[in-house]
Amino acid sequence: MVIDSLNSLASRAPHSLAAFLSGVLAPHASLVAAYHTDVPVALPRTWNEYEPHPFAVLCHLATAVLRLTGLRQELARKAARDRSLAEPEWGLKEGREGVLVGLRGGEGESGGGGGDGAAATVVLEMELRRRSGRTTSEKFTLKTASARGATGEVRLLSDHPAFAAASASTAAA
């Protein structure tokens with residue numbers, strides 16, 4: 001079963017979100033659902049502030065979580081970590097209103113694919129949870145195909161030239 005967005009369910013009936021998802025699951029069924037963190041969830045007035053947020057409930061129930069960010073954003077976070085600064089925030093977490101820029105929207109994005117037909121690179125953070133409770137996580141880069149008929153490229157984030165060069169220079173120092 002595929003659900004394209006859980007945001008409306010989380011806004012309208014956050015109390016029954018866990019019950020609904022548990023009722024849908026069966027031993028012979030799989031559920032793939034998307035939750036858009038850039039879309040604000042308007043909780044009802046009856047929502048208790050001490051209850052967990054619907055996103056926290058979904059993360060707790062999930063056995064696999066894929067988070068998608070832009071390469072430009074990941075590079076900015078890495079640069080901030082390298083200089084021991086606070087990591088920057090984007091979108092709703094930034095706390096200001098404005099225009100959200102997509103993967104192909106920025107001028108001169110490093111690795112973002114600024115023009116038509118150019119390949120865009122995104123960062124996929126994968127988190128898998130085993131039955132024992134152990135978590136395995138890894139970050140990958142996904143470069144989308146630049147032309148029709150071409151295939152994309154997936155590799156570890158640590159193998160990306162922007163990240164590999166920095167780790168090699170810190171190891172040499």
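For clarity, every value in this text was computed on a predicted model and none was experimentally measured.

A separate point is unusual backbone geometry. The backbone of S84 shows a phi angle near 55 degrees, a positive value even though the residue is not glycine. Relative to the assigned elements, S84 resides in the loop between α4 (71-82) and β4 (121-129). Residue S84 is classed as exposed on the basis of its relative accessible area of 69%.

This brings us to the nonpolar core. By size, the foremost hydrophobic cluster in this structure holds eight residues: I3, L6, A10, L17, L21, Y35, V41 and L58. Excluding residues that lie within four positions of it along the chain, L58 makes contacts with L6, L17, L21 and Y35.

Here the focus is the confidence of the model for the chain. Confidence along the chain averages 78 in pLDDT terms, with 77% of residues attaining 70 or more. Looking at the elements of the chain, mean pLDDT is at its lowest for helix α5 (residues 161-172), recorded as 64, and at its highest for strand β5 (residues 135-143), recorded as 91. Predicted confidence for residues 105-117 stays below pLDDT 50, and this span has 24 contacts to residues more than four positions away or in other chains.

What the four strands build is an open sheet, ordered β3-β4-β5-β6; its pairing is antiparallel. The sheet is open, and its two borders are formed by β3 (64-70) and β6 (153-156), each paired with just one other strand. Neighbour-to-neighbour, the strand axes of this sheet turn through a mean angle of 25 degrees, independent of strand direction. Alignment of β5 against β6, held across four bridges, turns out to be antiparallel. Across the sheet, F140 pairs through a bridge with L156, a residue of β6.

Mapped onto the secondary structure, H160 falls in the loop between β6 and α5. Look at H160 and you get buried, because its relative accessible area is 13%. Apart from the residues within four sequence positions on either side, H160 is in contact with L71, T141 and R155.

Before going further, it helps to examine the packing of aromatic side chains. By the definition in use, this model includes one aromatic pair. Between the aromatic rings of Y35 and F55, the centroid separation amounts to 5.1 Å while the plane-to-plane angle is 25 degrees, which identifies the pairing as stacked. With Y35 in the loop between β2 (32-33) and α3 (54-61) and F55 in helix α3, this pair connects stretches of sequence that are 20 residues apart. For Y35, a relative accessible area of 18% translates into the label buried.

Before going further, it helps to examine the packing of helix α2 (residues 17-24) against α3. Across the interface, α2 lies against α3 with an axial gap of 10 Å and an inter-helix angle of 30 degrees. Judged by the angle between their axes, α2 and α3 are roughly parallel. Crossing of α2 over α3 shows right-handed handedness. The residues of α3 that touch α2, namely those facing L17, A18 and L21, are P54, V57, L58 and L61. For the contact of α2 with α3, the residue count by class is seven nonpolar, no polar and no charged.

Quick notes on the rules
Residues numbered from 1 in each chain as written. Predicted model: local features only at pLDDT ≥ 70, side-chain atom pairs only at ≥ 80, totals over all residues. Heavy atoms only, no water. Helix = DSSP H or I, 4+ residues; strand = E, 2+ residues; numbered from the N terminus. Buried < 20%, exposed > 50% of the residue type's maximum accessible area, 1.4 Å probe, protein only. Core = buried A, V, L, I, M, F, W, Y, C linked by side-chain atoms within 4.5 Å. Contact = heavy atoms within 4.5 Å. pLDDT = per-residue confidence, 0-100. Pairing = 2+ DSSP bridges. Axes fitted to C-alpha atoms, helices over the stretch in contact; angles between N-to-C directions. Phe/Tyr/Trp six-rings, centres within 6.5 Å; stacked < 30°, edge-to-face > 60°. Parallel < 35°, antiparallel > 145°, perpendicular 65-115°, else oblique. Left-handed = near helix turned anticlockwise from the far one by under 90°. Nonpolar A, V, L, I, M, F, W, Y, C, P; charged D, E, K, R; others polar.

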